Amino acid sequence: MSRKLTSSSLLPAMSRFAVLLVIIILGCVIDPSFLSLRNIGNNLANASILVILGVGETIAIVTNGPDLSAGSVMTMGGVVTAILMKSYNMNFAIAILAGLLAGCLLGALNGYMIAYVKIPAFISTYGLQWAVLGFAYVILNGYILYSFDESFRFIGNGWILNFISMATVCMLVIVTAGILLMKKTTFGRKCYSVGSNPIQAMMSGIDSKKVVMKAFIISGFTSAAAGILYVARMNSVQSDIGSSYLLNVLAAVYMGGTSAAGGEGGILGTIVGALAMTMVVNCMNLLAVPSELRDAVIGVLIIGTVLFDTMLRKQLAKRKAV
Amino acid sequence: MENRENEYLVDMRHITKVFPGVKALDDVSFNLKPGEVHILMGENGAGKSTLMKVLAGAYAPDGGELYISGEKITRFDPVFLQEKGIGIIYQEFNLIPYLNVAENIFIDHMPGKGLLIDRKGMHAKARELLSDMKMKVDTHALAGTIPVAQQQMVEVAKALTHDLKVLIMDEPTAALSGIEIEQLFSIIRSLKEKGIGIIYISHRMQEISQIGDRITIMRDGQYIATHRVEEIGTDEIVSLMVGRKIGNLYQRGERQKGDTILKIEHLCSKKERLQDICMEVHRGEIVGLSGLVGAGRTELARAIFHVDPYEKGTITLKGEEIKQKATVREMIEKGISLIPEDRKRQGLSLILSVSQNIVMASLDSVSSRGWLNRHKENEIVEQYIKELNVSTPGAEQKVNNLSGGNQQKVVLAKWLATQAEVIIFDEPTRGIDVGAKKEVYSFMDNLAKEGKAIIMISSDMPEVLGMSDRIYVMRDRRIVKELNASQATQEIILSYALEGARGEEQDDKN
Amino acid sequence: MIKIKQVLHRIPLLIWFILLLVIIFSTRSSQYLTYRNLLILLQQGAVLLIVASAATFVIISGGLDLSLGAILTLGGIAAALAVTAGLPVPLVFLIGALTGAVCGGVNGFFISYCNLPPFITTLGTQGIFYGLALVLTNKEGIVIYDEAFLKIGATLDRKIPMAFICCLLLYIIIIFIQDRTRFGRYLYAIGGNAEGARLSGVHTRFWKFMIYAFAGLITGLAAVILTSRLEVADPIVGKKWEFEAICCAILGGTSMNIGKGDVKGTILGVALLTIIRSGMNVIRIPSIWQPAILGTILILSIVFEVRASMKEEK
C-alpha cells in the first residue's frame, strides 16, 4: 500500500526541520562546540523534560484543547515526590509512583471539567493551574527542598554512555509509548477523531467524554513525570519550577505542527519542536539574553509559529482551490 | 446594447465559482428587471444559493461579470453590494440572538449622534417599518426569543432600511405556516409596486404561479433555462430541474422482501416532539421516508440510532427489544447504521485521511485489544475504495481534497464497513453530481438485493418514487401515511405531506 | 414574564450567597461590619471591577484575553515611569490608557486580522508584556512619591475611597458604552453570530480588533489607579488577575460562545471574590493557604455556574 506523503503534509513538515536547521546553524555560529557530542547529549538531556511534557500536551491538544495546567501539574508531581522522600522517608520508587498518581488525578480533574461540565479547556486548565500552584506552595510551606537520594538523582543525572543520559532514556520510553498510543491503538484514532470533528465522532459511536478524560489524564501523567525528572536533575524543588515551562511546551507543540484547532499533528513533530525550543534556550544562554526577556522571546516565537502555520495553511488551501 | 444593459437591475453574465473539489457555478447567466419576482429553481446543490451569495458579495466569483443597474461590479464584499441596493435574506437567518429587534433591524447603521445610539428614535423607526409591513413585533424583544416567522419579518425590515433595489429570498417559506406565507406574499407584492426586484428561491411548485413573473432553472451548477411563469407547466419545470427521465437514473433489481428486521412501536420523544411513531422495515426492501423539511424525518432517524433520547415506545431489532438507554456504539454493534444528512459536519472528519474515515465507525473490527491491525485496516479500506469506486489518489489522501460525490462515497464506505443490516440514508444524494448519484442508487439497490434493510430519507420526490418499495409520509412529527410504491405519485405524497399545513390554515381562520 | 423570573431567580442566588458570607464573617469578627472595613473592601475590589469588565467584554464577543494581568502590570509601570518623570496626572492617565490600548491592539490585530486563536495569542503576548515589564523596571518595583498622583487611589481622610470612586465612575461609563453605543452592541453581534453580522454589513474584523484594544485601554486606566493605590509599580503585580477577572465575568452571568452577558452582572462576581478574599483573613486562614483555597473556590464556582446555566438552557 502506498503511504505517499502528499505535498500538503510535506511542506509544513519540511518547514519545521528548516526551523530546526536554522537554529542549529545559528548555534554553531555563536559557539563552534555547539555540535559536539557532549553538547548534543546535554541538549538532549535538557530537552527531555520539555519533550515529556510535550507528549501529553500534544495528546491533549489533538483531542480537545490545550492543557494550560501542565506547568503547575509538573510542579505538583515533583513536589509530591520530593516531600514523600524528604519528610516521610519513603522509598524513591513509591514516591515517584505517588507523584505520578497525583498528576493523573489532576489530569482527571481537568478531564472532568472539560468533558462533563463542558468548560472550555483553556479556561478550566488555566484556572486549575492557579489552584494547584497554591497547593504546591502549601505542601512545601514556602521552603525549598534539596539534596535527595543518590539513587533517585541517578534518574536525572546518570549517564549510560558518553552522550546518552538516563534522562534521555526516560524521555525515549515515554515518547515511544506516546507514539505507539497515538499511531497504533484505537484510542489514538479516537483522539484524532474527537479532535477533528466531535459531532462526527459521536455519530460514529465514539464516547468522546471518555476519550477527552483519558487524554487529559495522560497529560497529567506526563506533566508529573516531567516534574519528577526535573527534581532528579536539579536536585532541588520549589513551588515555581513549572511556571516557565508552560510557554515553552506550548511553543514546542505548535512549532511541531500540531494544529491548535485539534485533530492534526503528532508527537514526532513535538519532539522536533521541543529540540528547537531547547536549542533556542541554549542559544539564549550562549548569547547571555537576560532571564527576564526569555518569556518575551518565547511569546514572540509562539505567536510567530502559529501565525506562520495559519498563513501556510491558507496558501495551501488556495493553491488547492485553483 | 447600452440600452439593454440599463433595462436590468441585475445582470450576471457567465459567472463561474470553484470550490476545492467542486465547480459550484459553471458559466451561469441570470438577470432581473425592476418590479419583477424572478424565481430561481433547482435541486439541492444546483448552485442557487452560491449564485445568490455571489450577488450579495459573500463570495467573489472566479469568472464572469456582474452588472447592477448597468454598472460593472468589481468589488465583492457584503457591505459594498448592500450599498448598491442588494438585500439578501439567507436560509439561516443572520439575526443576533442577544440583541433586540430594533437593534437587529438597524444592525449596520444604528441611528444616533456620534458614538451614541438614539434608542428612542431607533425603536420608533423600527416600529414604523414593521407596521408598514402590517407586522406586530415587540421591538424590545430579543431576536433569539421571537418565533421564526417574526424573525423573517425582521430580516425583511432589515433589508428595507437600506435603499433597496433587489431583495433575494432563499426559501423564505420553508418554516412558515399558511397565514404567514400569505403575509409574506403581500409584503412581496408591495415591494414589487415600489419597483424592487425580487429573486425568490423556492422548492414549492404552487408558489411559482402565485407570486412569480419569470423562472430560471439551474442544475448541477449550470444555467438551464429561463421562462415566463405562465408559459411553463409544472411537468416541464420538473423535467428541466431533473434533466433526465426518471426511469433511467434509478435502479431497481429483483428485491426479495424478507422478514421484519426493524420494528418501531409508539415511539414518542419529548426533545424532538416525535409523536407515536410506528413503522416496520423488512429485509431486502428500501423504505422511503418522505415529508417536508421539519416534518421530523431526521429526528426519527436520530432517535432510532439513539443519538437523541426518546421516552416512550419500543424499538425491536431482529426480534430483540432495544433498551432506551442504549448508546450509539451499541446500536452500531447491533447492526444499524445512520448515514447522516450533513456529511461535512456529521459524517466525516475532513482533515483526516480516507482510510481513517472509512474505519472510524468500525474500529473494533480492525483492532484487537485496542491495538490497530494495519493489515486488516488496509484490506477493508482498499476493498471499499474499489467497491464504491471512490476516486482518490490514495487511501492516505485527506478527505478534504475529494469532490462532493467522492466524499459521500467515503461516508457510505464508513457505514458499510460496520457490517450493518439496517442502513438509514438521510438525504444520500444531496449536493453530489448526477454520475455519483447513479452510482449511489445502484449501490443501494445492491444492498437491498443482498437482503439488507434500507430506510431512505429524501426530499427529492423522484428519488423517493424511483427507489422505494414502500413509502412512509411524515408531517408534523408523526407518520401520516404508508404507501406502496405502486400507488404513490408525487401528488399523493405531497397531499399527505402538506395536509397539515392546510388544516392548520383553516384552524387559524376559524 | 418567564425571563424576568429567570433573572430574579439567578441574581438573588449570588446576592444571597454574598449576604450569607457577610453574616458569617461578621459573627467571626466585630471589626467586619465597620465603615473602615467596608472602605478596605471597596478599595480592594475597585480595580478588579474594571479588569473584570474588560474580561466580560471580551468573553461576550466570544473571545478570551489571558494577557489582561500583564497589561495591568505594564500599564502600571508606564504610569509609574511617567509620574517619576514628573508628568501631570491627566497625562499619566493618558499614558496608562495608551499603553493598555496598544497592548490590547496587538492582541486584537493577531486575533482579528490574522485569525489566530485568542488563547494562544494572549498567552504569547502575556509573556511578551511581562518581559517588557521586567526589563523596564530592571526587575524591581518603582516606588512612587508624587503626592498629587497618590491621591487618585488613596483613601482620603480615612473616609473617601478614591480608587473606588474613580473605578466606579469608569464602570458606569463602561456600562453606558455597552448599552448605548454601536461598539457595545456589536459585542453581542460578534459573540452571537459573527458571520451573520458580517453578512449584514457590520465590519466585524474592525470591531473585533476594537474589542481587544478597548479591553486593553480600560485595563490600562485601571493600572494607573492600581499603581496609585499601591504606591508602587511592581513588575509581577498582575499575575493571576486575568483569571480572577474571567471568573468574575462568568459568575456575573456572562456565557462563553453564545454572545450572552452583561457587564452589570460582573460587579456581583467582583463583590463575591473580594468578600471571600477579605473573609479568609477574618476567619484566620493562614496566608500560605489562601491562594490554594481561593483558587479552589474559584474553580468550583465556575463549575457550579456553568452547570447551572447549562441546565437553564435546557
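What counts as what
- Residues numbered from 1 in each chain as written.
- Chains lettered and ligands numbered in written order.
- Predicted model: local features only at pLDDT ≥ 70, side-chain atom pairs only at ≥ 80, totals over all residues.
- Heavy atoms only, no water.
- Helix = DSSP H or I, 4+ residues; strand = E, 2+ residues; numbered from the N terminus.
- Rg over C-alpha atoms; globule rule 2.2 N^0.38 Å.
- Buried < 20%, exposed > 50% of the residue type's maximum accessible area, 1.4 Å probe, protein only.
- Contact = heavy atoms within 4.5 Å.
- Pairing = 2+ DSSP bridges.
- Axes fitted to C-alpha atoms, helices over the stretch in contact; angles between N-to-C directions.
- Salt bridge = Lys/Arg side-chain N within 4 Å of Asp/Glu carboxyl O.
- Polar contact = N/O pair within 3.5 Å; in protein donor to acceptor, adjacent residues only side chain to side chain.
- Nonpolar A, V, L, I, M, F, W, Y, C, P; charged D, E, K, R; others polar.
- Buried area = accessible area lost by both parts, 1.4 Å probe.
- Expected span 1.5 Å × (residues − 1).
- Parallel < 35°, antiparallel > 145°, perpendicular 65-115°, else oblique.
- Left-handed = near helix turned anticlockwise from the far one by under 90°.
- Patch = residues over 30% accessible without salt bridge, like charges linked within 9 Å, V, L, I, M, F, W, Y side chains within 5 Å.
- Areas by Shrake-Rupley, 256 points an atom, 1.4 Å probe, with all protein chains shown as cover.
- pLDDT = per-residue confidence, 0-100.
- 1 Å grid on protein atoms, 1.4 Å probe; cavity = no way out; pocket = protein on both sides within 12 Å on 5 of 7 lines; lining within 4 Å.
- Points joined across faces, edges and corners; volume = space filled by probe spheres on them.
- Phe/Tyr/Trp six-rings, centres within 6.5 Å; stacked < 30°, edge-to-face > 60°.
- Lys NZ or Arg CZ within 6 Å of the ring centre and 35° of its normal.

## Quick word on the overall build of chain C
Then, in step 1: Looking only at helices and strands, chain C features twelve helices and four strands.
Then, in step 2: Since a compact globule built from 314 residues should have a radius of gyration of about 20 Å, the 19 Å found for chain C is in line with a globular shape.
Then, in step 3: Each principal axis of the C-alpha atoms in chain C carries an extent, and together these give about 55 × 50 × 35 Å.
Then, in step 4: The proportion of buried residues among the 314 residues of chain C is 59%.
Then, in step 5: Restricting to contacts in chain C with at least 6 residues of sequence separation, those with at least 24 account for 79%.

## Looking at the sheet that holds strand 22 (residues 478–484) of chain B
Residue and element names in this part refer to chain B.
Then, in step 1: Read from one edge to the other, the open sheet built from six strands follows the order 16-19-20-13-21-22, with strand pairing classed as mixed. Either end of the sheet is taken by a strand with one partner, and the two such strands are strand 16 (336–339) and strand 22. Geometrically, the sheet is characterised by an average inter-axis angle of 20° between neighbouring strands, direction not taken into account.
Then, in step 2: Pairing geometry for strand 13 (residues 286–291) and strand 20 (residues 453–457), over four bridges, is parallel. Bridge assignment links Gly 288 to a residue of strand 20, and that residue is Met 456.
Then, in step 3: This element, helix 11 (residues 297–304), spans strand 13, strand 16, strand 19 (422–426), strand 20 and strand 21 (470–475) of the sheet and lies at about 135° to strand 13.
Then, in step 4: Helix 16 (residues 404–416) rests against strand 16 and strand 19 of the sheet, and its axis sits at about 165° to strand 16.

## Points about the interface of chain B and chain A
Then, in step 1: Between chain B and chain A, the residue contacts involve 38 residues of the former and 27 residues of the latter.
Then, in step 2: The interface formed by chain B and chain A holds two salt bridges in total.
Then, in step 3: With a closest N to O distance of 3.1 Å, Glu377(B) and Arg189(A) form a salt bridge.
Then, in step 4: Summed over the shared surface of chain B and chain A, the number is eleven residue pairs in polar contact (both at pLDDT 80 or more).
Then, in step 5: Secondary structure elements with two or more residues in the side of chain B that touches chain A: helix 12 (328–334), helix 13 (343–347), strand 18 (371–372), helix 15 (374–387) and helix 16 of chain B.
Then, in step 6: The residue inventory of the side of chain B that touches chain A, partitioned by class, reads 19 nonpolar, nine polar and ten charged.

## Concerning the pairing of strand 22 of chain B
All names here are of chain B.
Then, in step 1: Examined bridge by bridge, strand 21 and strand 22 share six bridges and lie antiparallel to one another. Of the residues in strand 22, the one forming a bridge with Ile 471 is Leu 483.
Then, in step 2: The turn linking strand 21 back onto strand 22 is made up of two residues, and Asp 476 within it adopts a positive phi angle of 50°.

## Looking at the interface of chain A and chain C
Then, in step 1: Every contact between the two is made by 37 residues of chain A and, on the other side, 39 residues of chain C.
Then, in step 2: Counting each side, the surface lost to burial between chain A and chain C is near 3,400 Å², with a carbon and sulfur contribution of 83%.
Then, in step 3: Sorting the residues of chain A by area buried against chain C places Trp130(A), Glu292(A) and Ile303(A) first, and these three jointly supply 20% of that buried surface.
Then, in step 4: Applying the counting criterion to the chain A and chain C interface returns zero salt bridges.
Then, in step 5: Taken together, chain A and chain C are joined by four residue pairs in polar contact (both at pLDDT 80 or more).
Then, in step 6: Within the residue set of the side of chain A that touches chain C, elements represented by two or more residues are helix 4 (92–116), helix 5 (121–140), helix 11 (245–255) and helix 13 (294–321) of chain A.
Then, in step 7: A breakdown of the residues in the side of chain A that touches chain C according to their chemical character gives 27 nonpolar, seven polar and three charged.

## Section: helix 12 (residues 267–286) of chain A
Then, in step 1: For helix 12 of chain A, spanning 20 residues, the distance from its first C-alpha to its last is 28 Å, which sits close to the expected 28 Å at 1.5 Å a residue.
Then, in step 2: Following helix 12 of chain A by one or two positions, Ala288(A) adopts a phi angle in the positive range, close to 55°.

## So, the packing of helix 3 (residues 70–86) of chain A against helix 4 of chain A
Residues and elements named next belong to chain A.
Then, in step 1: Interaxial distance between helix 3 and helix 4 falls to 8 Å at its minimum, and their mutual angle equals 150°. Viewed along their axes, helix 3 and helix 4 adopt a mutual orientation that is roughly antiparallel. Here helix 3 and helix 4 pass one another in a crossing that is right-handed. Facing helix 3, whose interface residues are Val 73, Met 76, Gly 77, Val 80, Thr 81, Leu 84 and Met 85, helix 4 presents Phe 92, Ala 95, Ile 96, Ala 98, Gly 99, Ala 102, Gly 103 and Leu 106.
Then, in step 2: Tallied by class, residues from the contact of helix 3 with helix 4 come to eleven nonpolar, four polar and no charged.

## What about a nonpolar patch on the surface?
Then, in step 1: The grouping of Leu35(A), Leu37(A), Ile40(A), Ile160(A), Leu161(A) and Phe163(A) at the surface amounts to a nonpolar patch, some 540 Å² of accessible area in total.
Then, in step 2: Relative to the helices and strands, Ile40(A) is located in helix 2 (residues 37–63).

## Overview of the side chain of Ser165(A)
All names here are of chain A.
Then, in step 1: With respect to the helices and strands, the residue Ser 165 is situated in the loop between helix 6 (150–157) and helix 7 (166–184).
Then, in step 2: The exposure class assigned to Ser 165 is buried, which follows from its relative accessible area of 1%.
Then, in step 3: Within the structure, Ser 165 has its side chain in polar contact with the side chain of Thr 168 (distance 2.8 Å).

## Quick look at the confidence of the model for chain A
Then, in step 1: Here chain A averages 87 in pLDDT, while 93% of its residues score no lower than 70.
Then, in step 2: Here residues 1–8 of chain A scores under 50 on pLDDT; set against residues more than four positions off or in separate chains, the count is twelve contacts.

## Quick notes on empty space enclosed by the protein
Then, in step 1: Taken as a whole, this structure holds five cavities of 30 Å³ or more when the rule is applied.
Then, in step 2: The volume enclosed by the largest cavity comes to roughly 210 Å³.
Then, in step 3: Gln82(B), Gly87(B), Ile88(B), Leu199(C) and Ser200(C) are the residues nearest the centre of the largest cavity, which is lined by 17 residues in total.
Then, in step 4: Contributing elements (two or more residues each) for the lining of the largest cavity: helix 3 (78–83), strand 6 (86–89) and helix 6 (148–160) of chain B.

## What to know about helix 10 (residues 241–251) of chain C
Because the α-helix completes a turn every 3.6 residues, residues three or four places apart line up on one side.
Residue and element names in this part refer to chain C.
Then, in step 1: By the criterion of burial, helix 10 is predominantly enclosed, with eleven of the eleven residues buried.
Then, in step 2: Residues of helix 10 that are buried include every one of Trp 241, Glu 242, Phe 243, Glu 244, Ala 245, Ile 246, Cys 247, Cys 248, Ala 249, Ile 250 and Leu 251, and no others.
Then, in step 3: One or two positions beyond helix 10, positive phi appears at Gly 253, with a value near 100°.

## So, the packing of aromatic side chains
Then, in step 1: Summed over the entire model, instances satisfying the criterion amount to 19 aromatic pairs over all chains.
Then, in step 2: Aromatic side chains Phe109(C) and Phe110(C) sit 5.4 Å apart centroid to centroid with 70° between the ring planes, which places their arrangement in the edge-to-face category.
Then, in step 3: A relative accessible area of 41% places Phe109(C) in the partly exposed class.
Then, in step 4: These aromatic residues form a ring-pair network of at least three members: Phe57(C), Phe183(C), Tyr186(C), Phe206(C), Trp207(C) and Phe214(C).
Then, in step 5: The ring of Phe148(A) has Lys86(A) lying over it, and the distance from NZ or CZ to the ring centre is 5.8 Å.

## Notes on the pairing of strand 19 of chain B
All names here are of chain B.
Then, in step 1: By the criterion of burial, strand 19 is predominantly enclosed, with five of the five residues buried.
Then, in step 2: Residue alternation in strand 19 divides its side chains into two sets, Val 422, Ile 424 and Asp 426 and Ile 423 and Phe 425, and both sets are buried.
Then, in step 3: Here strand 16 pairs with strand 19 via four bridges, running parallel. Residue Ile 336 lies in a different strand from strand 19, and its bridge partner there is Val 422.

## Comments concerning the pattern of salt bridges
Then, in step 1: Taken as a whole and judged by the stated rule, the model has 37 salt bridges over all chains.
Then, in step 2: When the shortest N-O distance is used, the salt bridge between Asp308(B) and Lys271(B) registers 3.3 Å. Here Asp308(B), found in the loop between helix 11 and strand 14 (312–317), pairs with Lys271(B), found in the loop between strand 11 (260–268) and strand 12 (277–282); they are 37 residues apart in sequence, far enough to count as distant.
Then, in step 3: The network of salt bridges with shared partners includes Glu103(B), Asp179(C), Arg185(C), Asp262(C) and Lys264(C).

## Concerning the packing of helix 7 of chain A against helix 10 (residues 208–234) of chain A
All names here are of chain A.
Then, in step 1: In contact at an axis separation of 11 Å, helix 7 and helix 10 are set at 170° when each is read in the N-to-C sense. By the angle class used here, helix 7 and helix 10 are roughly antiparallel. Residues Ala 167, Cys 170, Ile 174 and Leu 181 of helix 7 lie in contact with helix 10, whose contacting residues are Ile 218, Thr 222, Ala 225, Leu 229 and Arg 233.
Then, in step 2: Here the contact of helix 7 with helix 10 is built from residues that sort into seven nonpolar, one polar and one charged.

## Digging into the environment of Gly114(B)
Then, in step 1: Relative to the elements of secondary structure, Gly114(B) occurs in the loop between helix 4 (101–105) and helix 5 (119–132).
Then, in step 2: A sequence separation of 328 residues divides Gly114(B) from Ser442(B), and the C-alpha atoms of the two residues are 64 Å apart.

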